[in-house]
Amino acid sequence: MVKNKEFARQSLELHLFFGRIMKEHSFFLELGFTPRDANYTHRADVFRKEFDQLLCDVVAISNGVVSPDVLQSGEVYTPFTIKAEMASSYFTGVHIPTEITHAEMNLNGCDDNHHSTDLNQKVFLINQKAIELISSLIQFKSDILSNVLSCKMFTVNYPLLIDHILREARLYLQMVRMLQSGRDFDIENLILDQEVFWNRIMAEHAKFIRGLLDPTEDELIRTANNFGHEFDKLTEAAKDAMDRTMPVSKITEESFEATKAIRDFKAQGTQGILECQIQSIIIPLLGDHTLREANHYLRLLKIFRKCHD
């Protein structure tokens, strides 16, 4: 098995971010079904536990392997993650193992990309397990979305939210497969694709927040609405840049500034929900979840900005 020198690092970094995202998607789905669909609730719970185990396996071999930039970015965990997990577990009765988050907080980064064949073999097996697990979750999400859109199922999750988390799972799968095939994973070559993808994600986050806030939260609803419109425009601008009708560097800079602003809004919102200062039907872990995705996108945008220099 021949792998490039960054195979282990890039794979583990990908799982530290997306593995947690997938386990939380499973959790959000689990909370959304009616008593009639208890079998779907159970299946979502099984997926959640399987991604817990995947994340455990990843954390166990990540110390001294992954980049300090990733660990410090706020995409793996935030200052709110533990509290959000504890509060969400309290509200739902679902056991969320905070020891995984504590273990992530104790990881040390390393910039040395020369890793042993043994480590690469372990990562290869984790990737294979992840490919199977993500593929199954994609099928599960697709099944739910089809049922909801054809009015065969009711869930408290928006149809757009189910489609949103399906797109994220497909991106994760695509990236793991790319790494597993031995191809160079060069994020710089994917700048516009990533900006179109994540600007759309940020727009939808804003719209979900807008729709889940209590109707009395007028100012927050207006702010979320404005972010939704801003990121819709940035998504279209990134598409225009693909057709060379807009300079890429301009889109990257505007996306960076907008993402910093929505990151701050999400951080304040997550803190406000945890401190019972905001009225909403937002489960605390959803706030932290969207904050981590903004932090992930900010790290990518910082890389993209360097590419334009």
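Calculation notes
- Residues numbered from 1 in each chain as written.
- Predicted model: local features only at pLDDT ≥ 70, side-chain atom pairs only at ≥ 80, totals over all residues.
- Heavy atoms only, no water.
- Helix = DSSP H or I, 4+ residues; strand = E, 2+ residues; numbered from the N terminus.
- Rg over C-alpha atoms; globule rule 2.2 N^0.38 Å.
- Buried < 20%, exposed > 50% of the residue type's maximum accessible area, 1.4 Å probe, protein only.
- Contact = heavy atoms within 4.5 Å.
- Areas by Shrake-Rupley, 256 points an atom, 1.4 Å probe, with all protein chains shown as cover.
- Lys, Arg positive; Asp, Glu negative; His and termini not counted.
- Charge placed at Lys NZ, Arg CZ, Asp CG, Glu CD.
- Salt bridge = Lys/Arg side-chain N within 4 Å of Asp/Glu carboxyl O.
- Polar contact = N/O pair within 3.5 Å; in protein donor to acceptor, adjacent residues only side chain to side chain.
- Expected span 1.5 Å × (residues − 1).
- Phe/Tyr/Trp six-rings, centres within 6.5 Å; stacked < 30°, edge-to-face > 60°.
- Lys NZ or Arg CZ within 6 Å of the ring centre and 35° of its normal.

1. Remarks on the overall build of the protein chain
What the protein chain contains, in helices and strands, is eleven helices and zero strands. At 19 Å, the protein chain has a C-alpha radius of gyration in line with the 19 Å of a compact globule built from 309 residues. Oriented by its inertia axes, the alpha-carbon framework of the protein chain measures out at about 55 × 45 × 40 Å. Looking at the protein chain as a whole, 55% of its 309 residues qualify as buried. The long-range share in the protein chain, meaning contacts at least 24 apart out of those at least 6 apart in sequence, stands at 84%. Put simply, the protein chain shows about 14000 Å² of open surface, and 52% of that area lies on carbon and sulfur atoms. For the protein chain, the distance from the average position of its 34 positive side-chain charges to the average position of its 44 negative side-chain charges is 3 Å.

2. Notes on the pattern of salt bridges
In total, this model carries 26 salt bridges according to the counting rule given. The closest approach of N and O atoms between Arg20 and Glu24, which form a salt bridge, is 3.8 Å. One end of the pair is Arg20 and the other is Glu24, both in helix α1 (residues 7-32) and four residues apart, which spans about a single turn. Its salt-bridge partner being Arg36, residue Asp37 comes within 3.1 Å of it at the nearest N-O pair. The class for Arg36 is exposed, based on a relative accessible area of 58%. Beyond isolated ion pairs, a larger network of salt bridges with shared partners links Arg20, Glu24, Glu85, Glu104, Asp288 and Arg292.

3. Here we look at the environment of Ile221
Mapped onto the elements, Ile221 comes out in helix α9 (residues 218-242). Counting along the chain gives 211 residues from Ile221 to Gln10, while the straight-line C-alpha distance between them is 37 Å. Excluding residues that lie within four positions of it along the chain, Ile221 makes contacts with Arg210, Leu213, Asp214 and Pro215.

4. Quick word on the environment of Thr78
When you line up the elements, Thr78 lands in the loop between α3 (68-71) and α4 (81-92). Each C-alpha atom, one on Thr78 and one on Leu119, is 27 Å from the other, the two residues being 41 residues apart in sequence. Look past the residues within four positions of Thr78 in its chain and what remains in contact with it is Asp288, Leu291, Arg292 and Asn295. There is a polar contact of 2.9 Å between the side chain of Thr78 and the backbone nitrogen of Phe80. In terms of polar contacts, Thr78 uses its side chain to reach the side chain of Asp288, at 2.4 Å.

5. Details of unusual backbone geometry
For Cys151, which is not glycine, the phi torsion reads 60° and is therefore positive. You can see Cys151 is positioned in the loop between α6 (117-149) and α7 (159-180). The phi angle at Cys276 is positive, at roughly 60°, despite the residue not being glycine.

6. Observations concerning the side chain of Asp52
With respect to the secondary-structure elements, Asp52 resides in helix α2 (residues 38-60). Here the side chain of Asp52 touches Lys23 through a polar contact of 3.0 Å, side chain to side chain. Those residues in contact with Asp52 that lie beyond four places of it in its chain are Lys23, Pro97 and Ile100.

7. Quick look at α4
Along an α-helix, residues three or four positions apart point the same way, because every turn accommodates 3.6 residues. Helix length check: α4, at twelve residues, gives a terminal C-alpha distance of 16 Å against a target of 16 Å (1.5 Å per residue), a fit within 8%. Taken together, the buried positions of α4 are occupied by Thr81, Ile82, Ala84, Glu85, Ala87, Ser88 and Ser89. Residues of α4 that are buried in the fold lie against α1, α5 (98-105), α10 (248-274) and α11 (284-308). At the C-terminal side of α4, Gly93 shows a positive phi close to 80°.

8. Quick word on the packing of aromatic side chains
Tallied over the full model, the rule gives 13 aromatic pairs. Ring plane angle 20° and centroid distance 6.2 Å describe the contact between Tyr158 and Phe208, whose orientation is recorded as stacked. You can see Tyr158 sitting in the loop between α6 and α7 and its partner Phe208 sitting in helix α8 (residues 191-212), a full 50 residues away along the chain. Aromatic rings pair up to connect Phe17, Phe18, Tyr172, Phe197, Trp198 and Tyr297 into one cluster. Lying over the aromatic face of Tyr40, Arg43 brings its terminal NZ or CZ to 5.6 Å of the ring centre. Directly above the aromatic system of Phe256 lies the positively charged group of Arg305, at a separation of 3.9 Å from the ring centroid.

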